[in-house]
There are 2 protein chains.
Amino acid sequence: MSAPTDPQDEPTATSSGMSRRAVLGLGGGLAAAGVVAGFGLGRATAPAPAVASTAAGTYPFTGAHQAGIVTPAQDRLYLAAFDLTTTSRDELVELLRRWTTIAARLTQGLSAGPFGPASGPYDAPPDDTGEAADLPPAGLTITFGFGRSMFVGTPGPDGTPGEDRFGLADRLPDGLVELPHFAADDLDPARSDGDLVVQACADDPQVAVHAIRNLSRAAFGTATIRWTQLGYGRTSSTSTAQKTPRNLFGFKDGTANVKAEESDALEEHVWVPATDTEASSAWLAGGSYLVARRIRMRIETWDRTSLREQENLVGRTKGEGAPLSGGTEFTEPDFAKEGRDGAPLIAVDSHVRLAHPSTHDGARMLRRGYNFTDGNDSLGRLDAGLFFLAFVRDPRTHYIPVQSMLSRDDVLMEYLTHTGSGLFAVPPGVPDGALVTGEDGTPVTTEKSPFVGQQLFA
Amino acid sequence: MSAPTDPQDEPTATSSGMSRRAVLGLGGGLAAAGVVAGFGLGRATAPAPAVASTAAGTYPFTGAHQAGIVTPAQDRLYLAAFDLTTTSRDELVELLRRWTTIAARLTQGLSAGPFGPASGPYDAPPDDTGEAADLPPAGLTITFGFGRSMFVGTPGPDGTPGEDRFGLADRLPDGLVELPHFAADDLDPARSDGDLVVQACADDPQVAVHAIRNLSRAAFGTATIRWTQLGYGRTSSTSTAQKTPRNLFGFKDGTANVKAEESDALEEHVWVPATDTEASSAWLAGGSYLVARRIRMRIETWDRTSLREQENLVGRTKGEGAPLSGGTEFTEPDFAKEGRDGAPLIAVDSHVRLAHPSTHDGARMLRRGYNFTDGNDSLGRLDAGLFFLAFVRDPRTHYIPVQSMLSRDDVLMEYLTHTGSGLFAVPPGVPDGALVTGEDGTPVTTEKSPFVGQQLFA
Ligand code: HEM
Ligand code: HEM
C-alpha cells in the first residue's frame, strides 16, 4: 500500500483536502475503544457471549470459537456464499488471510483498510467503500465457513466425482456430508451450497451489507458471490438475556434454543470436540457446523388459518409462547398430558413435539435464524419466510434426523417450502493475541498473519 | 367482528387461555400513550416534523399532510405497489377506509385489528399477523398514493386507451403524467407502476414489513401486490436535526435536501397548492407527488474507481461531503470557481451541478430514498443500489426536467441503471379529530370513517 499523496495534488485547496486524508476510524471514539479491548493481549479466552451489544458496541473477533455463534443474536443478517474461481491453494490461503484481517478490522469498528473510505492515494480506489463510515460498529460479527465443494468439488450430474482443487479432500470432515433430499424440498441451486460462506450479523443492516461488500471486493479474482440472503429480523434468542423474538407466523421463536449460558449444552451440541488428532476433522475442533435453509412460508394461507389451528400446528400458544400442555413460556412441554377428550394437549404431529430433543435422542441445536422478505411472486404473494440457521456439533446426529422427521410428519410443513440449502464446516476462532498489527496498532495482512481455518492448511 | 369465545372452549385449562384473550396492545404502555397523543382532539394541524422518533416513538397519523413525507426519514423502508383486482368503486372506497383505519392503528403502536394477534374468536384467524407483537412502534409511518392507472387504466401496447374502471378519469391530476422514457432507462414492468402505492417507513424493518403484510391482507380480493421494495438504509436526511446518511457509493446523500424545517420551500416545492377548485387536481391540494426510481448501481465497477474520479463525478468530497469548490458540508457550491488549470473545481458534468436548483429554474425536491440490496446476479455482482424516492409539487417542473438532464449528461450515469419506476399522486392527510373510534377509543372502520384520498371521491 503506497503512502498518501502529497496534499498539493488535490484538485481543491480547501478543507476537503484534510478530511480526505484523515483515516476515518469508522466508529470514532467507541471504535477505538473496541480496538483496545478486542486485539492483542490478555483477554479471557472465550468470547463473552452474554455481553449485550449496544448499537455502538463491539464483540471481540478473536477467541477459541468464532464470534457470531453464541454471540447474542443481532437484529440483522447478511449472509453470502462464495464460489472459488481460483484453483490455487496459495490464493485460497491468501484470500482467507485478507478476509481475516478485514473481518478483525470491521468488527472492531475500523475501516476495511488502513486509509478508510476517503483518504489514501488520491488516484487509487479507496480501501473501504464508505457507506458505513459514520455508523457505529453495531455489534458486527463475521463468521466464516467451508462448504463440502471446497474439499471435494462438485459431482457432475452423471455422478462423476468432483475435483480436489486444493488438495483438501483427505481433510474433509466426516460431518460435512451431502445433505439428503428431504420430503417437500424444492431447492434452487442458485440459492444453495457454495465453497465458502460468510455470515455477517449486526444491529444495523447497512453495517452487515458493508462487511459482505468489502469482503467480496477483497475476493475479486479469487472468489465470487454465489448467493446472498438478507435477514431483517432475528428469529432466535441465543442468550437468556434476550427477549424471545417472533417469526413471520407470529410465534415466539427460540424459546427452547440452546443458550450461550448453557456451557455444557454448547460442548455437547454445538462445538466439534477435540478427538483423535489423526481424524480428518481434527482441524475442526472448537468449530461447528452451520446448516442454512431458506424456508419460504405461505404466509397468505397461514393468515387465513384460525388461531386454534395455528397453535395446534406449533404446539404452543401464540401470545405467550407457552406449551399447550400449560404453564408459561419457559415451562417444559408435557407431551403426555391429555385434554378432556383424551387427546394429547400438544398434538402428536405438532412442530414442537417433533422437533423436541426427547424425539431425537436428546439432540439439540443452536438456532440463529432470521426472517426474510425478498419481494413477491407473480401472484402478488410475498416471497417471505424464515432463513433457518443452526449451529450443530454434527449434522448427522443433530440436524438430518430432525429435518427428515419434520419434512415428513410436521403439520407445519403444509405452510412451508425449503427453497435453499447449505451446509458448512465452521472452523474455530483465531486465538487471542495472534493477529498481526501494523504501526497504528490495527490488524494488517502479512505472510505471517493468522487466518480463520488455518488448522486445515497446516 | 364476533365477540371472543368462551374460555371453556379452550383446548387447555392453563394460563395460555388468558394471554390469548388479552388484547395485545403492540407497544405496551408507550403505545397506549401514542394513542392518546395521536388520535382525536385538539392537536396542532400539521404533523410535527422535527420531533425525532425513538424506537418506541410514534408519529401522529392525522394532519394536514400525510406522515412519511416531512417526517424525519426513518432508517428502514418497505414499499409496495398494488394493482386493483376489483372494478367496483365502492370496493375501492371500502379498501381505502380499511387501510386508513389499519394505518392509523399500526402507526400508533396498536395491532391491525381490535383483538390483536393472539386473542379474539379462537376459530377465526387473528386480526393481526403478530410478528410485531413485542416490538415498539419504531416511528412507523404509512403513506398512500394513487397511480395514473387507477384513473385511466393502462393503455394497450398498441396505444389503445386504458379503461376508466372507477369513474375517476376526469379527476386525473395534471401532474400524474406518463413518465417519458429517459436515456439509459432499463425498466422492468414487474418493478414499475401500479394502481396504488403504500410506503411504510420505520426504524425497525420488521415493523415496516408487518404493516405492508397486514395491509395486503386487508386488500385480499380487492387489490394484490404488484411489486415491493425493501430499503435497509436511508439515503436522505429530511430534517436539520438528522445527520446526513450515506448511499452505496459511500457519499453523504441528502445534504442539500429540502428539510422539514424549511416551511417556505415545502410550500414551493413539495405540497400541491390549493388552486382553482374546478381543476381536476383540486382534490390533491395539500398532497404531493411521489416519484420512485429503483436505480441499480454498478458498485463493483465503482469500487475500482479512484477517489479522485469518484469525487469529481459527484462534485463533493467523499469524507465530509463538502462541495469541491471548498468549505464544509453545508457550504453552497460555487460552480464558477476554477482551479489552477482554469477548469471549474466542480466539473460541468458532475452530478451535483446538473442536479442543482440553479440548473433547473430553482426547482428542488424532497428526497427520501433508501439503499437496497436484493441478492446478486449470475455473475456474482450485487443487485444493489439506491431506491430513489422524492416528493415534489409537480413532476413536470420538479422531476422530469432534472431526470432528463441527469440521464443524458450526468457522468454518474455510467455507474447507474434505472430498473424500476413509479409516479403516484399522494393525497393530503386525514384531518385531526376525524377518525372514528370504537368503545376502546381506538380507530375502527365504519361507513362514516374518513379515509386517505376521500376528497377524490367526493
Ligand atoms: C419456517 C420454519 C419454522 C418455523 C416457523 C418454526 C417455528 C418454531 C417455533 C414457533 C418453535 C417454538 C419456540 C421455540 O422453542 O423456539 C420452534 C421450536 C423448534 N424448532 Fe422450529 N420452526 C421452523 C423450522 C424448523 C426447522 C427446519 C428445524 C430443524 C430442522 C426446527 C427445529 C426446532 C427445534 C429444535 C425447536 C425446539 C423444540 C423444543 O426443544 O421444544 N424448526 N420452531
Ligand atoms: C444512484 C443514484 C444517485 C446517487 C448515488 C446520487 C448521489 C447524490 C449525492 C452524493 C448528492 C450530494 C449530496 C446532497 O446534496 O444530497 C446528490 C445531490 C442531489 N441529487 Fe442525487 N444521486 C442519485 C440520483 C439522483 C436522481 C435520480 C435525482 C433526481 C432526478 C437526484 C437529484 C439530486 C439533487 C436535486 C441533489 C441536490 C443538488 C443540490 O442542490 O446541490 N439524484 N445526489
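Positions within a chain are numbered from 1, following the residues in the order the chain's sequence is written. The lettering of chains begins at A and the numbering of ligands begins at 1, in the order of writing. Reporting of local features is limited, given that this is a predicted model, to residues whose pLDDT is at least 70; pairs of side-chain atoms are given and counted only at 80 or more, and all residues count toward the totals for whole chains, interfaces and linings. The side-chain quantities take in all heavy atoms of the structure and omit both hydrogens and water.

**Student:** What's the story with the overall build of chain A in this structure? I'm lost.
**Tutor:** A run of DSSP states H or I qualifies as a helix once it reaches four residues; a run of E qualifies as a strand once it reaches two. Both are numbered from the N-terminal end. Each helix and strand counted, chain A has 12 helices and 10 strands in total. We call a residue buried when its accessible area falls under 20% of the maximum for its residue type, exposed when it is over 50%, and partly exposed in between, using a 1.4 Å probe and counting protein chains only. Across the 458 residues of chain A, 60% fall into the buried class. A separation of at least 24 residues holds for 75% of the contacts in chain A among residues at least 6 apart in sequence. In what follows, a contact means two residues having at least one pair of non-hydrogen atoms within 4.5 Å.

**Student:** Sorry, what's going on with the pattern of salt bridges here?
**Tutor:** Here the idea is simple: oppositely charged side chains can pair when their charged atoms come close. The rule for a salt bridge is simple: a side-chain nitrogen of Lys or Arg has to be within 4 Å of a carboxyl oxygen of Asp or Glu. Taken as a whole and judged by the stated rule, the model has 41 salt bridges over all chains. Note that arginine 293 of chain B and aspartate 185 of chain B form a salt bridge whose closest N and O atoms lie 2.7 Å from each other. Remark: aspartate 185 of chain B occurs in the loop between helix H4 (148-152) and strand E3 (196-202) and arginine 293 of chain B occurs in strand E6 (residues 288-297); sequence separation between them is 108 residues. Several salt bridges converge on common partners, so that one network encompasses Arg191, Arg294, Arg296, Asp374, Asp377, Arg381 and Asp383 of chain A.

**Student:** Teacher, can you tell me more about helix H3 (residues 89-107) of chain A here?
**Tutor:** Side chains that are three or four residues apart share a direction in an α-helix, a result of its 3.6 residues per turn. Residues and elements named next belong to chain A. Multiply 1.5 Å by the residue count of a helix minus one, and that product is the helix's expected span. In a regular helix each residue adds 1.5 Å, so 19 residues correspond to 27 Å; H3 covers 27 Å between its end C-alpha atoms and thus fits that length. Counting buried residues along H3, 14 of its 19 residues qualify, which places the element largely inside the surrounding structure. The N-cap residue of H3 is serine 88: its side-chain oxygen and the backbone nitrogen of aspartate 90 are 3.2 Å apart. Within two residues after H3, glycine 109 carries a phi angle of roughly 85 degrees, on the positive side. For this analysis, a polar contact is any N or O atom pair within 3.5 Å, provided that within protein one partner can donate a hydrogen and the other can accept it, and provided that sequence-adjacent residues contribute only side-chain to side-chain pairs.

**Student:** Whenever I open this one, the packing of aromatic side chains confuses me. Can you help?
**Tutor:** A ring pair, where both rings are aromatic, is described by two values, the distance of the centres and the angle of the planes. Working definition: a ring pair exists when centres of Phe, Tyr or Trp rings (six-membered ring for Trp) sit within 6.5 Å. Plane angles under 30 degrees give stacked, over 60 give edge-to-face, the rest tilted. Overall, the coordinates contain 23 aromatic pairs over all chains when judged by the stated rule. For the ring pair phenylalanine 451 of chain A and phenylalanine 457 of chain A, a centre distance of 5.9 Å and an interplane angle of 55 degrees mean the geometry is tilted. In this pair, the class of phenylalanine 451 of chain A matches that of phenylalanine 457 of chain A, namely buried. By way of ring pairs, the aromatic residues Phe249, Phe251, Trp302 and Tyr415 of chain A are connected into one cluster. Charges are assigned to positions over rings by a cutoff of 6 Å between ring centre and Lys NZ or Arg CZ, combined with an angular limit of 35 degrees from the ring normal. The positively charged end of arginine 304 of chain A is found above the aromatic ring belonging to phenylalanine 220 of chain B, 4.2 Å away from the centroid.

**Student:** Explanation requested: the site of ligand 1 in the structure shown.
**Tutor:** Residue and element names in this part refer to chain A. Summary of the distance rule: residues count as near a molecule or strand when at least one heavy atom falls within 4 Å of that molecule or strand. In the region of ligand 1, 26 residues are neighbours, and Gly254, Thr255, Ala256, His351 and Arg367 sit closest. One of the backbone N or O atoms of threonine 255 is found 3.1 Å from an oxygen atom in ligand 1. Histidine 351 places a side-chain nitrogen or oxygen 2.8 Å from a nitrogen atom of ligand 1. Looking at the shell around ligand 1, the elements that each hand over two or more residues are strand E6 (288-297), helix H9 (351-355), strand E9 (382-392) and helix H11 (400-409).

**Student:** Is there a simple way to explain the site of ligand 2 in this structure?
**Tutor:** All names here are of chain B. Taken together, 26 residues lie near ligand 2, and Gly254, Thr255, Ala256, His351 and Arg367 sit nearest. Glycine 254 places a polar main-chain atom, nitrogen or oxygen, 2.5 Å from an oxygen atom of ligand 2. Take threonine 255: an N or O atom from its main chain is 3.1 Å from an oxygen atom of ligand 2. For the shell around ligand 2, the secondary-structure elements that each account for two or more residues are E6, helix H9 (351-355), strand E9 (382-392) and helix H11 (400-409). Nonpolar residues are Ala, Val, Leu, Ile, Met, Phe, Trp, Tyr, Cys and Pro. Charged residues are Asp, Glu, Lys and Arg, and all others, Gly as well, are polar. In terms of residue class, the shell around ligand 2 is built from 16 nonpolar, 6 polar and 4 charged.

**Student:** Just checking my understanding: could you explain the coordination of the iron atom of ligand 2 for this structure?
**Tutor:** Six octahedral donors at a metal ideally form angles of 90 or 180 degrees, and four tetrahedral donors ideally form angles of 109.5 degrees. Metal donors were taken as nitrogen, oxygen and sulfur atoms no farther than 2.8 Å from the ion, or 3.2 Å where the ion is Na, K or Ca. Water is excluded, so coordination may look unfinished. The protein gives the iron atom of ligand 2 a lone donor atom, His351 of chain B (NE2), placed 2.0 Å from the metal. Of note, histidine 351 of chain B is situated in helix H9.

**Student:** Looking at this model, I keep getting lost on the relation of the copies chain B and chain A. Mind explaining?
**Tutor:** What relates the pair of chain copies is a rotation about an axis plus a shift along that axis. Laying chain B over chain A is done by rotating through 180 degrees and shifting 0.0 Å along the axis; what remains is an RMSD of 0.0 Å. The superposition operator between the copies reduces to a two-fold rotation axis. If distances are taken from each C-alpha of chain B to the rotation axis, the shortest is found for aspartate 374 of chain B, at 3.6 Å. Comparing interface residues between copies, 100% of those in chain B also lie at the interface in chain A; the contact surface is shared. C-alpha atoms of residues with pLDDT of at least 70 in both copies form the basis for the least-squares superposition of the copies.

**Student:** Just to check I follow, could you spell out the side chain of lysine 318 of chain A for this structure?
**Tutor:** The topology assignment puts lysine 318 of chain A in the loop between helix H8 (307-314) and H9. Engagement of the side chain of lysine 318 of chain A in a polar contact is seen with the side chain of glutamine 310 of chain A, the distance being 2.8 Å.

**Student:** Just checking my understanding: could you explain the interface of chain B and chain A for this structure?
**Tutor:** How big an interface is tends to be stated in terms of accessible area lost as the parts join. Taken together, the contacts link 77 residues of chain B with 77 residues of chain A. When two components associate, each loses some accessible surface as probed by a 1.4 Å sphere; the sum of these losses over both components is called the buried area. Across the chain B/chain A interface, buried area totals approximately 6100 Å², and carbon plus sulfur atoms make up 51% of it. Summed over the three residues of chain B that lose the most area to chain A, namely Arg213, Leu307 and Arg308 of chain B, the buried surface amounts to 11% of that side. The tally of links from chain B across to chain A stands at 8 salt bridges.

**Student:** Would you explain the nonpolar core in this entry?
**Tutor:** Note on soluble globular proteins: their nonpolar side chains tend to be buried together. Among buried residues, the Ala, Val, Leu, Ile, Met, Phe, Trp, Tyr and Cys ones that are joined through side-chain atoms within 4.5 Å form a nonpolar core. Ranked by size, the top nonpolar core spans 172 residues in total, and within it Trp99 and Met150 of chain A together with Trp99 and Met150 of chain B carry the most contacts. Tryptophan 99 of chain A has contacts with Phe82, Phe144, Leu196, Val198, Leu215, Ala218 and Ala219 of chain A, leaving out every residue within four places of it along the chain.

**Student:** Just to check I follow, could you spell out the packing of H3 of chain A against helix H5 (residues 205-218) of chain A for this structure?
**Tutor:** All names here are of chain A. Working convention: axes come from line fits to C-alpha atoms, limited for helices to the stretch in contact. Angles between N-to-C directions cover 0 to 180 degrees. Two numbers describe how H3 lies on H5: the axes approach to 10 Å, and their chain directions differ by 155 degrees. Classified by the angle between their axes, H3 and H5 sit roughly antiparallel to one another. In the crossing of H3 with H5, the sense of the turn from one axis to the other is right-handed. Every residue of H5 that contacts H3 at Leu95, Arg98, Trp99, Ile102 and Leu106 is listed here: His210, Ala211, Asn214, Leu215 and Ala218. In terms of residue class, the contact of H3 with H5 is built from 7 nonpolar, 2 polar and 1 charged. By the definition adopted for this analysis, an angle is roughly parallel if under 35 degrees, roughly antiparallel if over 145, roughly perpendicular if from 65 to 115, and oblique otherwise. Left-handed describes a crossing whose near helix is turned anticlockwise from the far helix by less than a right angle; the clockwise case is right-handed.

**Student:** Honestly, unusual backbone geometry in this entry has me stumped. Any pointers?
**Tutor:** In most cases, non-glycine residues show a negative phi, while peptide bonds are predominantly trans. Residue aspartate 193 of chain A is not a glycine yet carries a positive backbone phi of 60 degrees. By secondary structure assignment, the location of aspartate 193 of chain A is in the loop between helix H4 (148-152) and strand E3 (196-202). You can call aspartate 193 of chain A partly exposed: its relative accessible area is 43%. We note that alanine 184 of chain B has phi near 75 degrees; this positive angle belongs to a residue other than glycine. Secondary-structure assignment places alanine 184 of chain B in the loop between H4 and E3.

**Student:** Sorry, what's going on with the UniProt feature "domain: Dyp-type peroxidase N-terminal" (unreviewed entry) in chain A here?
**Tutor:** UniProt positions are given in the numbering used here, feature names are shortened, and annotations may be inferred rather than shown by experiment. Those residues carrying the UniProt feature "domain: Dyp-type peroxidase N-terminal" (unreviewed entry) are residues 66-232 of chain A in this numbering. Taken end to end, residues 66-232 of chain A is 23% helix and 19% strand, and its two terminal C-alpha atoms sit 22 Å from one another.

**Student:** Got a minute to help me understand the environment of alanine 218 of chain A in this structure?
**Tutor:** All names here are of chain A. Residue placement: alanine 218 occurs in helix H5. Classification of alanine 218 by relative accessible area gives buried; the value is 15%. Spatially, the C-alpha atoms of alanine 218 and glutamine 74 are 25 Å apart, while their sequence positions differ by 144 residues. Those residues in contact with alanine 218 that lie beyond four places of it in its chain are Leu95, Arg98, Trp99 and Ile102.

**Student:** Any chance you could explain the side chain of serine 281 of chain A here in plain terms?
**Tutor:** Residue and element names in this part refer to chain A. Its location among the elements puts serine 281 in the loop between helix H6 (263-269) and E6. Given the relative accessible area of 13%, serine 281 is considered buried. What serine 281 contacts, discounting residues up to four positions off in sequence, is Pro173 and Asp174.

**Student:** Sorry if this is basic, but what is going on with the pairing of strand E4 (residues 223-231) of chain B here?
**Tutor:** For a regular strand, side-chain orientation follows a simple rule: the groups alternate between the two sheet faces. All names here are of chain B. The buried count for E4 comes to 7 of 9 residues, which makes it a mostly enclosed element. Strands are labelled as partners when DSSP assigns at least two bridges between them. Where strand E1 (residues 76-84) lies against E4, 8 bridges are found, and the strand directions are antiparallel. For leucine 84, the partnering residue across the bridge sits in E4 and is alanine 223.

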